[in-house]
Amino acid sequence: MARKTADNDPLAPVTLAVGQEDLLLDRAVQEVVAAARAADADTDVRDLTPDQLQPGTLAELTSPSLFAERKVVVVRNAQDLSADTVKDVKAYLGAPAEEITLVLLHAGGAKGKGLLDAARKAGAREVACPKMTKPADRLAFVRSEFRGLGRSATPEACQALVDAIGSDLRELASAVTQLVADVEGTIDEAVVGRYYTGRAEASSFTVADRAVEGRTAEALEALRWSLATGVAPVLITSALAQGVRAIGKLSSARGGRPADLARELGMPPWKIDRVRQQMRGWTPDGVAAALRAVAEADAGVKGGGDDPEYALEKAVVIVARAARSRGRG
C-alpha cells in the first residue's frame, strides 16, 4: 500500500522511498529493479548500506560505462549517511546520469532531513512507506493485498486475518498469498478461522472481545494463552482500549443505520453491528471505569508496575465486570 507521489515512473532518475515499514521499502526497491530489468535484463543492481557508500563511491558507481549498461543504485538508511557522502548525493541529484536509477531509502523525520529536502526539491519520485501502527491501516493493507491478487475477501475475513496475525506486514502479506493460493472463491471468516485458528484464539483482539462481552473466564483464558504464545502486552492493552472506546462512542451516538453510524464514527458497518451486540450490558459509568482500568494496565505494562501480567489480568476482570454493570443496576 505504499503511496506514490510526483512522477510514478519507476524508471525515474531518482526514487525516494520514505518511511519505516520494511516490507513497503523493500517493495519500492523491487518495483524499480523489476522495471529496470524489464527494460534491460542485464541491469546491474547495487544495494548499499551507509557504511558501504563512502565519499566518492557514488561518483564511481554512476560514472559513464564503456558498455552503457543500465544500473540501479539502492542506498538504504540514507538518513545515516556521513556528511561528506550527503554532499556527493546532493551533487548527483542536480545532474543524475542517464540509464541509472538511484533509489534512496530514508526513514523520514529530522535526522538527515537536508538530504530528504534536497531529493524532493530535485523532483525525485516519492513513495511513502509509513509504519502501519493503526489496526485500520493494517486492515486496509490486507484488503489491498487481496485486491492486488485479484481475489475477493469479506470484511469479516480481512478483520479476522489482522486479529490472527497481528502487526507484522510480512506475515500478513504471506497469509494473504497462502489463502489465495489454497482457497477457491470468496475468502470468508470461516476460511481464515480454519487456517489461523490457533493464532486467532491467542490474539489481543480475542481477549478484548471476550472482556467487553463480560465473559470473564474466557477472556482470562485467552489472555493467558496470548501471553504464553508471545503476544506483546502492549498490544493487549491497545485492543482493550479500542474495544471499550468503540462501545463508548456507539452508546453516545445518535441512532441510525449502520452505514450512517459508520460514517459518523469512522467504523466499518459490520463493526457497528458487532459493537451493538457487545454493548448491551454497559453503562456510562462502566465505560469510564473500564477506561481507567485499561489506562492503569497500559502504564503497568510499559514499565510503571512490577507485574505486567497481573496488571493485564486486573484490567480484564474490571472490563468484564463493567460489561455487566447495567444488569447490576
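Throughout, a residue's number is its position along its own chain's written sequence, starting from 1. Totals for whole chains, interfaces and linings use every residue, but because this is a predicted model, local features are given only for residues with pLDDT of at least 70 and side-chain atom pairs only at 80 or more, for both listing and counting. Calculation of side-chain values draws on the structure's entire complement of heavy atoms; hydrogens and water are dropped beforehand.

The next thing to look at is the overall build of the protein chain. Segments assigned H or I by DSSP are reported as helices when at least four residues long, segments assigned E as strands when at least two residues long, and all are numbered from the N terminus. Summing up its helical and strand segments, the protein chain has 16 helices and 6 strands in all. Counting contacts in the protein chain only where the partners sit at least 6 residues apart, residues at least 24 apart contribute 75% of the total. Of the roughly 16,400 Å² of accessible surface on the protein chain, a fraction of 50% belongs to carbon and sulfur atoms. Whether two residues touch is decided by their heavy atoms; if any such pair falls within 4.5 Å, the residues are in contact. Residue burial considers only the protein chains on display, and all accessible areas are found by Shrake-Rupley using a 1.4 Å probe.

Right, let's talk about the side chain of Gln 79 for a bit. Along the polypeptide, Gln 79 turns up in the loop between strand E4 (71-75) and helix H3 (83-94). Exposed residues in this analysis have more than 50% of their type's maximum accessible area, buried residues have under 20%, and partly exposed residues fall in between, with area computed by a 1.4 Å probe over protein chains only. Of the residues examined, Gln 79 reaches a relative accessible area of 11% and is grouped as buried. Distance and chemistry together define a polar contact, namely a pair of N or O atoms within 3.5 Å, with one atom able to donate a hydrogen and the other to accept it when in protein, and with adjacent residues in sequence counting only for side-chain atoms on both sides. Among the polar contacts listed, one links the side chain of Gln 79 to the backbone nitrogen of Ala 107, at a separation of 3.0 Å. Apart from residues lying up to four places away in sequence, Gln 79 is in contact with Leu 105, His 106, Ala 107, Lys 111 and Gly 112.

For every element, the axis is a line fit to its C-alpha atoms; helices are fit only across the contacting stretch, and the angle between N-to-C directions ranges from 0 to 180 degrees. Packing of helix H11 (residues 233-251) against helix H15 (residues 308-322) brings their axes to within 11 Å, and their N-to-C directions diverge by 15°. What the angle tells us is that H11 and H15 run roughly parallel. The handedness of the crossing between H11 and H15 comes out as left-handed. Only Leu 312, Val 316 and Val 319 of H15 make contact with H11, whose side of the interface consists of Pro 233, Ile 236, Thr 237, Leu 240 and Val 244. Of the residues assigned to the contact of H11 with H15, the class counts are 7 nonpolar, 1 polar and no charged. The scheme is simple: roughly parallel for angles under 35 degrees, roughly antiparallel for over 145, roughly perpendicular for 65 to 115, oblique for anything else. By definition, turning the near helix anticlockwise from the far helix through less than a right angle yields a left-handed crossing, and turning it clockwise yields a right-handed one. Any residue outside Ala, Val, Leu, Ile, Met, Phe, Trp, Tyr, Cys, Pro, Asp, Glu, Lys and Arg is labelled polar, Gly included; the first ten of those are nonpolar and the last four are charged.

By the criterion of burial, helix H9 (residues 204-212) is predominantly enclosed, with 8 of the 9 residues buried. Downstream of H9 by one or two residues, Gly 214 has phi in the positive range, about 80°.

Before going further, it helps to examine the environment of Gly 112. Inspection of the secondary structure puts Gly 112 in the loop between strand E5 (100-106) and helix H4 (113-121). We classify Gly 112 as partly exposed; its relative accessible area is 27%. When the C-alpha atoms of Gly 112 and Asp 80 are compared, they prove to be 6.8 Å apart, with 32 residues separating the residues in sequence. Ignoring sequence-local partners within four residues, the contact set of Gly 112 consists of Gln 79 and His 106.

One non-glycine residue, Asn 77, lies in the positive phi region at around 50°. Looking at the secondary structure, you find Asn 77 in the loop between E4 and H3. Unlike most non-glycine residues, Glu 99 shows phi in positive territory, near 65°.

Right, let's talk about the side chain of Thr 62 for a bit. By secondary structure assignment, the location of Thr 62 is in the loop between helix H2 (57-61) and E4. Of note is the side chain of Thr 62, whose polar atom sits 2.7 Å from the backbone oxygen of Leu 58. The residues contacting Thr 62, other than those within four sequence positions of it, are Tyr 92, Ala 97 and Ile 100.

As a further point, take the nonpolar core. Ranked by internal contacts, the top residues of the largest apolar core, which has 39 residues, are Phe 141, Val 142, Phe 146, Leu 161, Leu 179 and Ile 187. Secondary-structure elements contributing two or more residues to this core are helix H1 (22-39), E4, E5, strand E6 (125-129), helix H5 (135-148), helix H6 (155-165), helix H7 (169-182) and helix H8 (189-201). It is H1 that contributes the most residues to this core, 8 residues altogether. Dropping the residues within four chain positions of it, Ile 187 is found in contact with Phe 146, Arg 151, Ser 152, Ala 153, Thr 154, Ala 157, Leu 179, Val 180 and Val 192. In this text, buried Ala, Val, Leu, Ile, Met, Phe, Trp, Tyr and Cys residues form a nonpolar core when linked through side-chain atoms within 4.5 Å.

In this section: the pairing of E6. When you tally the buried positions in E6, you get 5 out of 5 residues, the bulk of the element. Here E6 shows no split at all, with Arg 125, Val 127 and Cys 129 on one side and Glu 126 and Ala 128 on the other all buried. Two strands pair under a simple rule: DSSP has to find at least two bridges between them. Bridge analysis of strand E2 (residues 14-19) against E6 gives 5 bridges, and the strand direction is parallel. Following the sheet pairing, Leu 16 is matched in E6 by Glu 126.

Keep in mind these values describe shape, not function.
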